[in-house]
Structure formats: C-alpha cells, structure tokens
Amino acid sequence: LLYLSDLAPAVRPRLTAMTPVQLTAELRRQLPLLRADAESQQRKSLSQAKRDQTLFAAKYFFGGLVVAVLLLLIFENTRPARQARIFSHEGDAPSLKFEDSVARGVGKSVRAIESFGDLILPDLSSFRWYRRLRRWLRREK
C-alpha cells in the first residue's frame, strides 16, 4: 500500500477503498509507466551530460588552438626569430615587407598619439615646478 502510494501519488486517494487484488492490479499497471518515466529521465540526463562534456571539450580544444597560435605569432615576432629568418642561409634574403609595414604603421600611430597629446597637454617645461622636479630627479640618480 505504501509502495504504491509512493510510486503513484495520483492513486493515493483511492488506495484505502481498494482490495488487495485491485492493489496488485493497480501496481502492475503503474510499474511499466513508472519504469518508462525513469528510463526517459535517465536518457535525458545522459544526453545532457554528453552535451556538457562535448561543449567542455570543444571549449578547451579551441582555447588551446588560440593560445598555440598566439604563442607562435608572438615567437615569430621576437628579435631572435626575426634574426634567424634574416641571417638564415637558405638562399635569397627573406622578404620582410609585412614586418616593415607593421613597424611603419606602429611608428605612425605613436607619432599621431604624441602629436594629439601635444594638442591636449601644454609643454610642461614652461612650468617652474616641472623644471625643479626634473632637476631633483636627476640629482637622485
């Protein structure tokens, strides 16, 4: 009686009026439905776990690829790697057009930022406190 009321709460109000034969029949009728619900829940939780694991693995796989590419790009633009490319004895001198254009672009942007700063901020050397501070800092060395 308690087992059936725990398994199928919808049947609870009718349990007291049932005979043992009716209880057994009701229990046999409810068990396949409950088993199907449990299997459905199990399949659903299993598919959710597989989806979570797939997303987790994909996230870290693509994160690893991005980090590897960034590290290779950073290494390729370091001085030792650039010198190795320049001084390698593979025949013709390598073309550094891309590196030169990037360096030229960075230089232009730095000069533009400096000129913009000159427009916003006045020349500090015209202030007495700034000149005194520079002299004091030079003496501290």
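Above this text you will find the structure in question.
In this report, the structure presented in the accompanying data block is examined. Owing to the predicted nature of the structure, the values given are computational and were not obtained by experimental measurement.

So, how was this worked out
- Residues numbered from 1 in each chain as written.
- Predicted model: local features only at pLDDT ≥ 70, side-chain atom pairs only at ≥ 80, totals over all residues.
- Heavy atoms only, no water.
- Helix = DSSP H or I, 4+ residues; strand = E, 2+ residues; numbered from the N terminus.
- Buried < 20%, exposed > 50% of the residue type's maximum accessible area, 1.4 Å probe, protein only.
- Contact = heavy atoms within 4.5 Å.
- Areas by Shrake-Rupley, 256 points an atom, 1.4 Å probe, with all protein chains shown as cover.
- Patch = residues over 30% accessible without salt bridge, like charges linked within 9 Å, V, L, I, M, F, W, Y side chains within 5 Å.
- Salt bridge = Lys/Arg side-chain N within 4 Å of Asp/Glu carboxyl O.
- Phe/Tyr/Trp six-rings, centres within 6.5 Å; stacked < 30°, edge-to-face > 60°.
- Lys, Arg positive; Asp, Glu negative; His and termini not counted.
- Charge placed at Lys NZ, Arg CZ, Asp CG, Glu CD.
- Expected span 1.5 Å × (residues − 1).
- Bend = angle between axes of the 7 residues up to and from the residue.

With that out of the way, let us pick up the overall build of the protein chain. The helix and strand tally for the protein chain stands at six helices and zero strands. Secondary structure elements of the protein chain occur, N-terminal to C-terminal, as α-α-α-α-α-α. Every one of the 141 residues in the protein chain was classed for burial, and the buried ones make up 9%. Put simply, 14% of the contacts in the protein chain that link residues at least 6 apart link residues at least 24 apart. Accessible area of the protein chain: about 12600 Å², with a carbon and sulfur share of 63%.

A cluster of nonpolar residues, Val66, Val67, Val69, Leu70, Leu71, Leu73 and Ile74, forms a patch on the protein surface that exposes about 650 Å² of accessible area. Inspection of the secondary structure assignment puts Val66 in helix 3 (residues 20-76).

Turning our eyes to something else, we now look at the packing of aromatic side chains. Taken as a whole and assessed by the stated rule, the structure comprises four aromatic pairs. Ring centres of Phe61 and Phe62 lie 5.3 Å apart, and the angle between their planes is 70°; this geometry places the pair in the edge-to-face category. Considered together, Phe61 and Phe62 belong to a single accessibility category, that of exposed residues. An aromatic cluster is present here, built from Phe127, Trp129 and Tyr130 joined pairwise through their rings.

A grouping of Arg128, Arg131, Arg132, Arg134, Arg135, Arg138 and Arg139 is seen on the molecular surface, where their side chains present a positively charged patch. For Arg128, a relative accessible area of 60% puts it in the exposed group.

As a further point, take helix 3. Within an α-helix, residues lying three or four positions from one another point in the same direction, as the helix has 3.6 residues per turn. Spanning 57 residues, helix 3 covers 82 Å between terminal C-alpha atoms, matching the ideal 84 Å at 1.5 Å per step. In helix 3, a bend of some 25° at Gln30 exceeds every other bend along the element, and Pro32, a proline, comes one to four places later. Of the residues making up helix 3, those classed as buried are Leu23, Glu26 and Gln30.

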